[in-house]
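# Observations on the model geometry
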Amino acid sequence: MLFAALVLASASAAVSAPASPPHIHLEIAFDECSALPGVVGSMAVHEAALIWAPYGVAIARHDSVRERDADAIILTVSTADHGRSSGAPARDSAFGAIRFDDGVPERAITLFYNDILRLLTSTSITGWSEPQWPIGLRERALGRVVGRVIAHEIGHFLLRWPSHGPTGLMRAQHLMPDFVGVARAPFFLSKVDQARWLAVTTAARGAAAVEK
């Protein structure tokens, strides 16, 4: 069952923050052909983990996990030129995509990495344009953006919902200053999304109880 690992989630953890210990374990595996630099990928996974931690979700990079968790859900991340991946949307504003098959999300996320890079080059931080950034600053900014894009696509996966909301993590578009900024305030689950998350985890627990 796609969400077998959700059966341990509690109703309160789905809506409250922070959740301790985590109830859902996700591992992010980067496709070996991914254009994403390794250090940026690690920073991105860390960023996505911080965004989802308050909702009872633990996220780690697959190749960094020392002890395998049999219940962990593994999501593969690959990169592609915009619109060239199977099932990818044709919207210029999309930095990532996840495909649904009969309402069920696949365990694969596509990043439109070149689009992210292009938009990042038009961004300034404290008055510095991207070519002036020290390498460390560029890696941190890129990891932050990619992590937040991955966190958004994880939202589609966990909520089992291909649509978007008007606010928070699951809104259709975020401004680049929000993507790049240190503050994670714009990347929260709205009350509607928290209610959906609660419904998903409750349904998973009910299905697990029936199987027992």
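Structure's up top.
Notes on the structure in this doc start here. (Residues numbered from 1 in each chain as written. Predicted model: local features only at pLDDT ≥ 70, side-chain atom pairs only at ≥ 80, totals over all residues. Heavy atoms only, no water.)

### Comments concerning the packing of helix α2 (residues 38-52) against helix α4 (residues 135-159)
- Their axes nearest at 7 Å, the elements α2 and α4 cross at an angle of 50°. Classed by the angle they form, the pair α2 and α4 counts as oblique. Along this stretch, α2 crosses α4, giving a crossing that reads as right-handed.
- Class assignment for the residues of the contact of α2 with α4 results in 13 nonpolar, 3 polar and 5 charged. (Axes fitted to C-alpha atoms, helices over the stretch in contact; angles between N-to-C directions. Helix = DSSP H or I, 4+ residues; strand = E, 2+ residues; numbered from the N terminus. Parallel < 35°, antiparallel > 145°, perpendicular 65-115°, else oblique. Left-handed = near helix turned anticlockwise from the far one by under 90°. Nonpolar A, V, L, I, M, F, W, Y, C, P; charged D, E, K, R; others polar.)

### Here's the deal with the sheet that holds strand β4 (residues 96-101)
- Spatially, 5 strands are ordered β2-β1-β3-β5-β4 in an open sheet, and the strand pairing comes out mixed. Edge strands, defined here as strands with exactly one partner in the open sheet, are β2 (57-61) and β4. Direction aside, the axes of adjacent strands within the sheet are offset by 30° on average.
- In the packing of α4 onto the sheet, the strands contacted are β1 (24-30), β2, β3 (73-79), β4 and β5 (104-111), and the crossing angle to β5 comes to about 170°. (Pairing = 2+ DSSP bridges. Contact = heavy atoms within 4.5 Å.)

### Describing the pattern of salt bridges
- The tally for this structure, following the rule as stated, stands at 4 salt bridges.
- When the shortest N-O distance is used, the salt bridge between Arg148 and Glu47 registers 2.9 Å. Taken together, the residues Arg148 in helix α4 and Glu47 in helix α2 connect sequence positions 101 residues apart. Each member of the pair, Arg148 as well as Glu47, carries the same accessibility label: buried.
- For Asp115, the salt bridge identified is with Arg118, shortest N-O distance 2.3 Å. Of the two residues, Asp115 and Arg118 both sit in helix α3 (residues 113-121), 3 residues apart, roughly one turn of that helix.
- Under the relative-accessibility criterion, Asp115 is labelled buried at 11%.
- Taken together, the shared-partner salt bridges in this structure form one network comprising Glu47, Arg148 and Arg184. (Salt bridge = Lys/Arg side-chain N within 4 Å of Asp/Glu carboxyl O. Buried < 20%, exposed > 50% of the residue type's maximum accessible area, 1.4 Å probe, protein only.)

### Overview of unusual backbone geometry
- Backbone geometry at Asp102 places phi at a positive 55°, although glycine is not the residue there.
- Examined against the element boundaries, Asp102 turns out to sit in the loop between β4 and β5.
- Of the residues examined, Asp102 reaches a relative accessible area of 79% and is grouped as exposed.
- The phi torsion at Arg160 lies on the positive side, around 55°, for a residue other than glycine.
- Mapped onto the secondary structure, Arg160 falls in the loop between α4 and α5 (176-180).

### Focus on the side chain of His174
- In this fold, His174 is placed in the loop between α4 and α5.
- Within the structure, the side chain of His174 is placed 3.3 Å from the backbone oxygen of Gly168, a separation counted as a polar contact.
- Here Leu169 takes part through its backbone oxygen, which lies 3.3 Å from a polar atom of the side chain of His174.
- When sequence neighbours within four positions are dropped, the list of residues in contact with His174 reads Gly168, Leu169, Phe179, Pro186 and Phe187. (Polar contact = N/O pair within 3.5 Å; in protein donor to acceptor, adjacent residues only side chain to side chain.)

### Structural notes on the nonpolar core
- Counting residues in hydrophobic clusters, the biggest one holds 47 residues, and the most contacted among them are Leu26, Trp52, Ile59, Val146, Ile150, Ile154 and Trp197.
- Per-element accounting of this core gives the leading share, 12 residues, to α4.
- The contact partners of Leu26, leaving out residues within four places of it in the chain, are Val57, Ala58, Ile59, Ala60, Ile73, Leu75, Ile154, Phe157 and Leu158. (Core = buried A, V, L, I, M, F, W, Y, C linked by side-chain atoms within 4.5 Å.)

### A short note on the environment of Ala141
- Tracing the chain through its elements places Ala141 in helix α4.
- Classification of Ala141 as buried rests on a relative accessible area of 1%.

### Some remarks on the pairing of β4
- Pairing analysis gives 5 bridges linking β4 to β5, with the strands arranged antiparallel. Paired with Ala97 across the strands is Thr110, a residue of β5.
- Hairpin connection, β4 to β5: the antiparallel pair is bridged by 2 residues, and Asp102 has positive phi, about 55°.

### Describing the packing of aromatic side chains
- Evaluation of the coordinates by the stated rule reveals 4 aromatic pairs.
- Taking the centre distance of 6.2 Å and the plane angle of 75° together, the rings of Trp52 and Trp197 count as edge-to-face. Of the two residues, Trp52 is situated in helix α2 and Trp197 in helix α6 (residues 191-211); the sequence distance between them amounts to 145 residues.
- Centroid distance Phe179 to Phe187: 5.8 Å. Interplanar angle 35°. Geometry classified as tilted.
- Exposure remark for Phe179: the relative accessible area of 6% places this residue in the buried category.
- Taken together through their ring pairs, the aromatic side chains of Trp52, Tyr55 and Trp197 make up a single cluster.
- Of note, Arg196 hangs over the ring of Trp161, and the distance from its end group to the ring centre comes to 3.6 Å. (Phe/Tyr/Trp six-rings, centres within 6.5 Å; stacked < 30°, edge-to-face > 60°. Lys NZ or Arg CZ within 6 Å of the ring centre and 35° of its normal.)

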